[in-house]
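Letter by letter, the chains look like this.
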Amino acid sequence: MSLLHEDDVLARLAVVLEERKHADAGSSYVAKLYAKGLDAILKKVGEEATETVMAAKDGDAEHIVYEVADLWFHTLVLLAHQGLGPQAVLAELDRRFGLSGIAEKAARPHD
Ligand SMILES: N=c1c2ncn([C@@H]3O[C@H](COP(=O)(O)OP(=O)(O)OP(=O)(O)O)[C@@H](O)[C@H]3O)c2ncn1[C@@H]1O[C@H](COP(=O)(O)O)[C@@H](O)[C@H]1O
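Please read these numbers as outputs of a predicted model, since none were measured by experiment.

Draft legend 1. Layout of the packing of helix α2 (residues 29–36) against helix α3 (residues 38–58). One way to put it is that α2 packs onto α3 with a least axis distance of 5 Å and a crossing angle of 120°. Classified by the interaxial angle, the pair formed by α2 and α3 is oblique. Of α3, the residues touching α2 (which contributes Y29, L33, Y34 and K36) are L38, A40, I41 and K44. Looking at side-chain class alone, the contact of α2 with α3 contains six nonpolar, no polar and two charged residues.

Draft legend 2. Representation of the site of the ligand. Inspection of the region around the ligand gives L13, V16, R20, S28, Y29, V30, K44, E48, D70, F73 and H74 as its neighbouring residues. For the ligand, an oxygen atom lies 3.0 Å from a polar atom in the backbone of V30. When isolated, the ligand has an accessible area of 820 Å², and the protein chains bury 50% of it. Mapped by element, the contributors of at least two residues to the shell around the ligand are α1 (3–19), α2, α3 and α4 (61–81). Broken down by element, the shell around the ligand gets its largest block of residues, three residues, from α4. In terms of residue class, the shell around the ligand is made up of five nonpolar, two polar and four charged.

Draft legend 3. Region of interest: the nonpolar core. In this structure, L17, V30, L33, Y34, I41, F73 and V77 are the most contacted members of the largest nonpolar core, which totals 14 residues. Those elements that provide at least two residues to this core are α2, α3 and α4. By residue number, the principal contributor to this core is α4, which donates seven residues.

Draft legend 4. Just the pattern of salt bridges, in detail. Scanning all chains against the criterion turns up seven salt bridges. Two residues, E18 and K21, come together in a salt bridge whose shortest N-O distance is 3.0 Å. A relative accessible area of 36% places E18 in the partly exposed class. Two residues, E47 and K43, come together in a salt bridge whose shortest N-O distance is 3.3 Å.

Draft legend 5. Spotlight on the packing of aromatic side chains. Per the stated rule, a full pass over the model turns up one aromatic pair. For the pair Y29 and F73, a centre-to-centre distance of 6.3 Å together with 35° between the ring planes defines the contact as tilted. Residue Y29 is located in helix α2, and its partner F73 is located in helix α4; the two are separated by 44 residues in the primary sequence.

Draft legend 6. A look at the environment of A56. Of note, A56 is situated in helix α3. Here the alpha-carbon distance between A56 and V68, two residues 12 residues apart in the chain, equals 9.7 Å.

Draft legend 7. Geometry of the environment of I102. Secondary-structure assignment places I102 in helix α6 (residues 102–107). Note on I102: relative accessible area 46%, which makes it partly exposed. For the pair I102 and A56, spaced 46 residues apart in sequence, the C-alpha to C-alpha distance is 28 Å.

Thresholds, definitions, all that
Residues numbered from 1 in each chain as written. Predicted model: local features only at pLDDT ≥ 70, side-chain atom pairs only at ≥ 80, totals over all residues. Heavy atoms only, no water. Axes fitted to C-alpha atoms, helices over the stretch in contact; angles between N-to-C directions. Helix = DSSP H or I, 4+ residues; strand = E, 2+ residues; numbered from the N terminus. Parallel < 35°, antiparallel > 145°, perpendicular 65-115°, else oblique. Contact = heavy atoms within 4.5 Å. Nonpolar A, V, L, I, M, F, W, Y, C, P; charged D, E, K, R; others polar. Near = heavy atom within 4 Å. Polar contact = N/O pair within 3.5 Å; in protein donor to acceptor, adjacent residues only side chain to side chain. Areas by Shrake-Rupley, 256 points an atom, 1.4 Å probe, with all protein chains shown as cover. Core = buried A, V, L, I, M, F, W, Y, C linked by side-chain atoms within 4.5 Å. Buried < 20%, exposed > 50% of the residue type's maximum accessible area, 1.4 Å probe, protein only. Salt bridge = Lys/Arg side-chain N within 4 Å of Asp/Glu carboxyl O. Phe/Tyr/Trp six-rings, centres within 6.5 Å; stacked < 30°, edge-to-face > 60°.

Right under this line is the structure:
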């Protein structure tokens, strides 16, 4: 799998999450979660955060990745429910990275 493909997965998943807003609640996991509403989505985010903490305490790398994927997925559902998408979060992280000056230092290593 290419790096580009992996980089792109948040955007591609966000498109599917938008499409599920028009799907029948019985037809998909995400459509059912939307139908249950914000509190149900928040409950899943909380559960997955807790499961991530427990996996990290166990120190099993595969389990950590699995639980963080569940957590990221449910935060993407939350963002979509709120009319937002991963690009907004990525832009905020990019802004903070820019503020840190690390990118500029990397471009001028001898300063
Ligand atoms: N990436 C995911 C994804 N990650 C996790 N999950 C679901 O999130 C749930 C995780 O919750 P738990 O571990 O608590 O398992 P559970 O007991 O089955 O969950 P609950 O039924 O209690 O909520 C599971 O049901 C997983 O199937 C996901 N469901 C869907 N996707 C993606 O979302 C897209 C749309 O999904 P559908 O709406 O199902 O078509 C798919 O193409 C996938 O790419």
